[in-house]
Amino acid sequence: MKKILIAMGLLSLAVSAQSANLELAKSIVKEKCHLCHGEEGEASSAIYPRLAGQNRIYLIKQLKNFRDGKRKSETMNEMAAGLKDEAIEALAEYFSSKPALSHRVRDKLFASVGEYIFRKGNKYSGIPACKSCHGEHGEGNEQLPRLAGQHKRYVSDQLQAFGERARTNDNAIMHTVASKLTEMEREAVALYVSGLKPTNEE
């Protein structure tokens, strides 16, 4: 009986902590995040990334990099400047728990060019398949971002930034890959991944 009471007490503490983290995240979202990323992480414009369904550990790293100045962005460096680790972890948990979204792709022929690069790469220019790191369905992992359903414009902009070394973090591998992409390949890959649906919807 004593063990049961202890277990129930620990569970109650865990639930209380989770609830507190959720409220903390909601307050920060309403104060800072919602204008660009939306209250549910859907992003209000294609120039901003969708955060809904993004991988939690990846979100934590990016927010810390923005806060610490390792990833440069005038807007995000300012927004993240005062965030403590607790707040960053709460935000990552909040956005990663939201359902991932996807776009409707109209130009399927052009998207098929992107699919080829995503699945097979381009052996003639030395581009590896995107799926080798980001996964068969573009869902990434703890260290790598979810690409599936991301805004085409944002993906294209980031690939260009990696290619030009304008992206100041995580560019060791991505510069090598992105710098070899033609503009057509970059746009096609961005279009293709924007239409990738969550695996539970396929």
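Sequence positions are assigned chain by chain, starting from 1 and proceeding in written order. Where totals are concerned, whole chains, interfaces and linings use all residues; where local detail is concerned, this predicted model gives features only for residues with pLDDT of at least 70, and gives and counts side-chain atom pairs only at 80 or more. Here the side-chain values reflect all heavy atoms present in the structure, with hydrogen atoms and water set aside.

(A) Local environment of the side chain of Arg167. In this description a helix means any DSSP run of H or I spanning at least four residues, a strand means any run of E spanning at least two, and both kinds are numbered starting from the N terminus. Following the sequence through the fold, Arg167 ends up in the loop between α7 (152-163) and α8 (171-178). Throughout, a residue-residue contact means that at least one pair of heavy atoms, one from each residue, lies within 4.5 Å. Aside from chain neighbours lying at most four places away, what touches Arg167 is Tyr58, Gln62, Arg71, Gln158, Ala161 and Phe162.

(B) Unusual backbone geometry, seen in detail. Even without being glycine, Ala43 reaches a positive phi, approximately 70°. Its place among the elements puts Ala43 in the loop between α1 (2-37) and α2 (56-68). Phi angles above zero are rare outside glycine, and Asp170 is one such case at about 55°. By the secondary structure assignment, Asp170 is in the loop between α7 and α8.

(C) Fine view of helix α9 (residues 183-194). An expected span of 1.5 Å times one less than the residue number is assigned to each helix. Between its first and last C-alpha, α9 extends 17 Å over twelve residues, near the 16 Å set by a 1.5 Å rise per residue. Throughout, exposure labels follow a simple rule: accessible area from a 1.4 Å probe, protein chains only, divided by the maximum for the residue type, with under 20% read as buried, over 50% as exposed, and the rest as partly exposed. Burial within α9 is extensive, with ten of its twelve residues counted as buried. Buried within α9 are the following residues: Glu185, Arg186, Glu187, Ala188, Val189, Ala190, Leu191, Tyr192, Val193 and Ser194. For α9, the secondary structure elements touched by its buried residues are α5 (108-120) and α7.

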